[in-house]
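Next come the chains, spelled out residue by residue.
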Amino acid sequence: MEVVVVTLEDVAKHAGVSLATASRVLNGSTRQVGASLRARVELAATQLGYRTNVAAQTLARGAANVVGLVVHDLVDPYFAALADGAMRVAESRGLMVMVGTTHRDTEREIAYVSTLSAQRVRAVLLAGSRTADLRATRRLREELDRYREGGGRVACVGQDLLGADTVAPGNREGAAALAAALAGLGHRRFAVLAGPAGLITARDRTAGFAEALAGLGLPAPYVVHGSFDRDGGYAAVGEAVKAGATCVFAVNDVMAVGALAALRDRGVRVPEDVSVAGFDDIATLRDLVPALSTVRLPLADMGARALEMALDQVEEARVEKIPGEVVLRESTRRLA
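Everything quoted here is computed from the prediction, not taken from an experiment.

Undergrad: How would you explain the overall build of the protein if you had to name every residue and give the values?
TA: A tally of regular secondary structure across the protein gives twelve helices and twelve strands. Here the protein has a C-alpha radius of gyration of 25 Å; the compact-globule value for 336 residues is 20 Å, and the former is much larger. Along the first, second and third principal axes, the C-alpha set of the protein runs to 85 × 50 × 30 Å. Partitioning the contacts of the protein with sequence separation of at least 6, the portion at a separation of at least 24 is 75%. Accessible surface, the protein: about 15,800 Å² in total, of which carbon and sulfur atoms supply 52%.

Written out as structure tokens, the structure reads:
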């Protein structure tokens, strides 16, 4: 069946008015149109089945009803969950969301903020870890400051380094609690799939885990760096097993999934031969077999809360620390 797309030009022609007049009636312009002309345009739109393009209206008006969401990677369920929470808040307030993905490229992140600022969006939400590149963080903060000086509102999920309202996951504390729980199962030889060395989230989780082991008088974990994704976990776990670890901690769940796949391909049984744990408790991975031990973060709630903070921004920047909850499942076992 052929689909006929009715354009604004079609409505204008059908109503016998100019394109500008039709646009003022149907696209919410503040300029007044006479009652008789308005009635003709609205009747033509109804007869032709015309639907207004909300996205086009938004861009044309300057974007008082738009918020910008900048994340590292929507393919990663961590960021998808954060985005879902933020979008639910936006919808409840009658706002649209523009989403940009940076793939952890700081230059791209700065460019997104600049673009959103130029479009005069109401608020910007940044979700993702800062990096050890202090110069890039300073430049991003300066870009955000310019946006705020123009009346924009900002919040972030991650580290409190941008002078903005921040929802900060308890990365270090959650990893420490997980280390204590795993040590309580009798494990003494640990490895950490630590992600990129320059990513602060990965650093904090690795440090919290190691510090807890040291506090318990246990040997330092064997640390393997790699990419912060499934392939990074897959590539790194072999070295961890060779080091003799009885328990492997991947600093996020998607790395843990890659580690489980690599161990299965190598014929290493989980948890009989080696235990595996992650961090985040991503909902889409809860049906994994064996079920993954992890640190649970309320990801959708974090995204929602961050956007609420941005939209209700007060004079002083606030930081809300979100604790993680250790969840032990079948991927880890008690040693005899």
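We are not done yet, so read on.
Undergrad: Now, about the pattern of salt bridges: what can you tell me, with residues and values included?
TA: Enumeration over the complete set of coordinates arrives at 19 salt bridges. Glu308 is paired through a salt bridge with Arg305; the nearest N and O atoms lie 3.5 Å apart. Of this pair, Glu308 and Arg305 are both found in helix 12 (residues 299-311), three residues apart, which corresponds to roughly one turn of the helix. With a relative accessible area of 25%, Arg305 lands in the partly exposed category. Through salt bridges with shared partners, a single network forms among Asp281, Arg296, Glu325 and Arg329.

Undergrad: Go over unusual backbone geometry with me, naming the residues and quoting the values.
TA: Backbone torsion omega between Val270 and Pro271 reads 10°, so that peptide bond is classified as cis. Here the phi dihedral of Arg104 falls at roughly 60°; this positive angle occurs in a residue that is not glycine. Mapped onto the fold, Arg104 is located in the loop between strand 2 (96-101) and helix 6 (106-118). The class of Arg104 is partly exposed, set by a relative accessible area of 29%. Although it is not a glycine, Asp281 sits at a positive phi angle of roughly 60°. If you trace the backbone, Asp281 turns up in the loop between strand 9 (275-277) and strand 10 (294-296).

Cut-offs and rules
Residues numbered from 1 in each chain as written. Predicted model: local features only at pLDDT ≥ 70, side-chain atom pairs only at ≥ 80, totals over all residues. Heavy atoms only, no water. Helix = DSSP H or I, 4+ residues; strand = E, 2+ residues; numbered from the N terminus. Rg over C-alpha atoms; globule rule 2.2 N^0.38 Å. Contact = heavy atoms within 4.5 Å. Areas by Shrake-Rupley, 256 points an atom, 1.4 Å probe, with all protein chains shown as cover. Salt bridge = Lys/Arg side-chain N within 4 Å of Asp/Glu carboxyl O. Buried < 20%, exposed > 50% of the residue type's maximum accessible area, 1.4 Å probe, protein only.

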